Amino acid sequence: MHPYNRLPSSGRSTPSPPQSPLRSPLRRHARSKPARLNPPRTAAQRLAWVFLSLLLRRQGVFLFAPLIYILGMLIYIATVSFDVVPFIDHRPAPGSLYRTPDLYAKLRPEMDADLHSSSDAISTTWSIPHKGGEWKPCIKRSLEGLPESNGYIYVEANGGLNQQRTSVCNAVAVAGYLNATLVIPNFQYHSIWKDSSKFSDIYDEEYFISTLKNDVRVVEKIPEYLMERFGSNMTNVYNFRVKAWSSIQYYKDVVLPKLLEEKVIRISPFANRLSFDAPLVVQRLRCLANYEALRFSSPILTISEALVERMKKHSIMNGGKYVSIHLRFEEDMVAFSCCVFDGGEHEREDMIAERERGWKGKFTKPGRVIRPGAIRINGKCPLTPLEVGLMLRGMGFSKNTSIYLASGKIYDAEKTMSPLWEMFPNLQTKETLASEEELAPFKNYSSRMAAIDYTVCLHSEVFVTTQGGNFPHFLLGHRRYLFGGHSKTIKPDKRKLALLFDTTNIGWKSLKRHLLNMRSNSDSKGVELKRPNDSIYSFPCPDCMCHANRTDESRSSLKT
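Details of the layout of surface pockets
Then, in step 1: The computed volume of the second largest pocket comes to approximately 750 Å³.
Then, in step 2: As for the second largest pocket, its lining consists of 27 residues, of which Thr465, Gly468, Leu476, Lys491 and Pro492 are closest to the centre.
Then, in step 3: Broken down by secondary-structure element, the contributors of at least two residues to the lining of the second largest pocket are α22 (470-482), α23 (494-501) and α24 (508-524).
Then, in step 4: The element contributing the most residues to the lining of the second largest pocket is α22, with four residues.
Then, in step 5: Class assignment of the residues belonging to the lining of the second largest pocket gives a composition of five nonpolar, 14 polar and eight charged.

Re the pairing of strand β2 (residues 152-157)
Then, in step 1: Of all six residues making up β2, six are buried, and the element is well covered by its neighbours.
Then, in step 2: Along β2, one buried face is formed by Tyr152, Tyr154 and Glu156 and the opposite face, lined by Ile153, Val155 and Ala157, is buried too.
Then, in step 3: Sheet analysis places β2 next to strand β3 (residues 181-183), joined by two bridges and oriented parallel. Its bridge partner lying in β3, Ile153 is registered against Leu182.
Then, in step 4: Sheet topology places β2 next to strand β7 (residues 264-267); four bridges connect them, and they run parallel.

Regarding the environment of Thr432
Then, in step 1: With respect to the helices, strands and loops of the structure, Thr432 is situated in helix α19 (residues 430-433).
Then, in step 2: With 125 residues separating them in the primary sequence, Thr432 and Leu307 have C-alpha atoms 10.0 Å apart.
Then, in step 3: Only 2.9 Å separates the side chain of Thr432 from the side chain of Gln428, close enough to count as a polar contact.

Here we look at the nonpolar core
Then, in step 1: One finds Ile153, Phe208 and Tyr251 to be the most contacted residues of the largest nonpolar core, which totals 79 residues.
Then, in step 2: The element contributing the most residues to this core is helix α6 (residues 161-177), with nine residues.
Then, in step 3: What Tyr251 contacts, discounting residues up to four positions off in sequence, is Val174, Leu178, Val242, Ser246, Leu256, Ile267, Phe270, Arg273 and Leu274.
Then, in step 4: Residues Ile122, Leu327, Leu497 and Phe501 belong to the second largest nonpolar core, which totals 50 residues.

Describing the state of the cysteines
Then, in step 1: Here the structure, examined in full by the defined rule, presents three disulfides.
Then, in step 2: The disulfide partner of Cys138 is Cys546, and the gap between their sulfur atoms is 2.0 Å. On the sign convention where negative is left-handed, the bridge of Cys138 and Cys546, at about 85° about the S-S bond, is right-handed. In this pair, Cys138 is assigned in the loop between β1 (135-137) and β2 and Cys546 in strand β13 (residues 545-547), connecting sequence segments 408 residues apart.
Then, in step 3: On the basis of relative accessibility, which here comes to 3%, the residue Cys138 falls in the buried class.
Then, in step 4: Looking at the chain, its bonded cysteines, counted consecutively from the start of the sequence, adopt the pairing 1-6, 2-5, 3-4.

As for the sheet that holds strand β11 (residues 462-465)
Then, in step 1: In space, the five strands of this open sheet follow the order β10-β9-β8-β11-β12, with parallel pairing throughout. Lying at the two open borders of the sheet, with one neighbouring strand each, are β10 (427-428) and β12 (489-490).
Then, in step 2: Examined bridge by bridge, strand β8 (residues 323-326) and β11 share four bridges and lie parallel to one another. Following the sheet pairing, Ile325 is matched in β11 by Val464.
Then, in step 3: Where helix α21 (residues 446-458) meets the sheet, its contacts fall on β8, β9 (403-406) and β11, and the angle it forms with β9 comes to roughly 150°.

A short note on the packing of α23 against α24
Then, in step 1: Following both chains from N to C, one finds α23 and α24 inclined at 175°, their axes separated by 11 Å at the closest point. Taken together, α23 and α24 sit at an angle that is classed as roughly antiparallel. Between α23 and α24, the residues in contact are Lys496, Leu497, Leu500 and Phe501 and Leu511, His514, Leu515 and Met518, respectively.
Then, in step 2: Looking at the contact of α23 with α24 residue by residue, the classes come out as six nonpolar, one polar and one charged.

So, the confidence of the model for the chain
Then, in step 1: With 84% of its residues at a pLDDT of 70 or more, the chain has an overall mean of 87.
Then, in step 2: Of the regions scoring below 50 in pLDDT, residues 551-560 engages in 26 contacts with residues more than four places distant in sequence or in other chains.

Some details on the pairing of β11
Then, in step 1: Taking every second residue as pointing to the same face, both faces of β11 are buried, with Val462 and Val464 on one and Phe463 and Thr465 on the other.
Then, in step 2: As judged from the two bridges shared by β11 and β12, these two strands associate in the parallel manner. The residue bridging Phe463 from the neighbouring strand is Thr489, located in β12.
Then, in step 3: You can see the chain leave β11, run along α22 and come back into β12, and the turn it takes is right-handed.

Criteria and cut-off values
- Residues numbered from 1 in each chain as written.
- Predicted model: local features only at pLDDT ≥ 70, side-chain atom pairs only at ≥ 80, totals over all residues.
- Heavy atoms only, no water.
- 1 Å grid on protein atoms, 1.4 Å probe; cavity = no way out; pocket = protein on both sides within 12 Å on 5 of 7 lines; lining within 4 Å.
- Points joined across faces, edges and corners; volume = space filled by probe spheres on them.
- Helix = DSSP H or I, 4+ residues; strand = E, 2+ residues; numbered from the N terminus.
- Nonpolar A, V, L, I, M, F, W, Y, C, P; charged D, E, K, R; others polar.
- Buried < 20%, exposed > 50% of the residue type's maximum accessible area, 1.4 Å probe, protein only.
- Pairing = 2+ DSSP bridges.
- Polar contact = N/O pair within 3.5 Å; in protein donor to acceptor, adjacent residues only side chain to side chain.
- Core = buried A, V, L, I, M, F, W, Y, C linked by side-chain atoms within 4.5 Å.
- Contact = heavy atoms within 4.5 Å.
- Disulfide = S-S within 2.5 Å.
- Axes fitted to C-alpha atoms, helices over the stretch in contact; angles between N-to-C directions.
- Parallel < 35°, antiparallel > 145°, perpendicular 65-115°, else oblique.
- pLDDT = per-residue confidence, 0-100.
- Right-handed = clockwise from strand over helix to strand, strands pointing away.

Written as structure tokens, this is what we have:
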């Protein structure tokens, strides 16, 4: 056996692998001795050499490296003077500041000298034909009798005029779907709107009941024999606290069994308690209530129609056509928006006081951060009277255009309204069109005053919305219902406006080009069809309206 073979011999010898060749003695000697570095020559090099040698030989010193670093930083900071703070040039983001007064002062000479703006703009605003053609109302009223009622539904409508209108229309839809009798809705008094009006003060109650008689039973009050079970006290009636935007199926599965059991139920509050996405039979009842059954009471209708005629007379040079603007620059709206304008310290104090009066503690909660610049960039600030006037002049409306202004009490009106009057001297409000005696019955009732504004805006050739809310929400749909599916409404891109009005070096021609494109965009979006989660009160097509060239209206005449 080979001396290096550990396996037993099997009779045959296994050759060992050949040994590796020996390296050259010179190379082995060279590897065994490390290379020698040249010693440092200067004193600084020798000191560095000694320091590095200590570190390499005593590697534990590295544990003290963080302490050495901190010590070095402290020594450095002690030598720095903080008497001079470096200046940081912080530039506000584009669109974050209210600079419209500066822009107006710069552009006014060019604007006044612009001869291309003419009174004919009001007649050419709506020029883009809709590819789908015109639409017409096609809500069918039932001619059949109603089956026996399943019970009475009593709702309490909260909010302002148009939020209450939402409650009424939704209540009609729910009552009709459940085959229930609807009690005339009760309008709750609210500390903000401060209006104690009842249903009959705002709407024509008899006309409302008569229009719905073959679709939904509506009564003024619950019979006494039923109320005796509850001690003639409505608060003893079972009250449903329905979640916002509940489906109609919820009412069928949850509310209807209780209605059949109790025969009387109450739903309070009721605003926005029914989903916009609903079956066609529910939508038909909504359409019928909003566009046909709800008519303003005789006193409101009389003065409103008179103001419409007076506006047409003021607009005789434009063929009786006028522009209406819904301006939301009341003190409470300015305060709620948390935007900053050009009122300085006086404005800031006013807004703080108004927020505390209307929304105690809401804006001063710990951790709440208010960023006025970001709010303006996002297009959430209400347009000022100056911004509205500048926008309309840029859209081609001349100073001779007749304008109706729908608004509450404008904040700091003497100052803020002045430029709008300069740009449009033919501007009217209900207070300038009507005498004090005519307005006296409505003066202390915000909902009745809003109803007057609603009617005058409804019949204008152009409606301009400057801030969201239920007022323009309903007017968009109502105007579509009256004007062949087109809302005839200018809805400005407020994000773009914030950027344009913050660009103080822009010229009048360039600004006007942008604003004319914005006007054209509103025209192109005048006719829009309702999507699943859109409001039928803004988009009546196709649930409440049909194509004018179609005769098949069966889908709008469906009944439960």
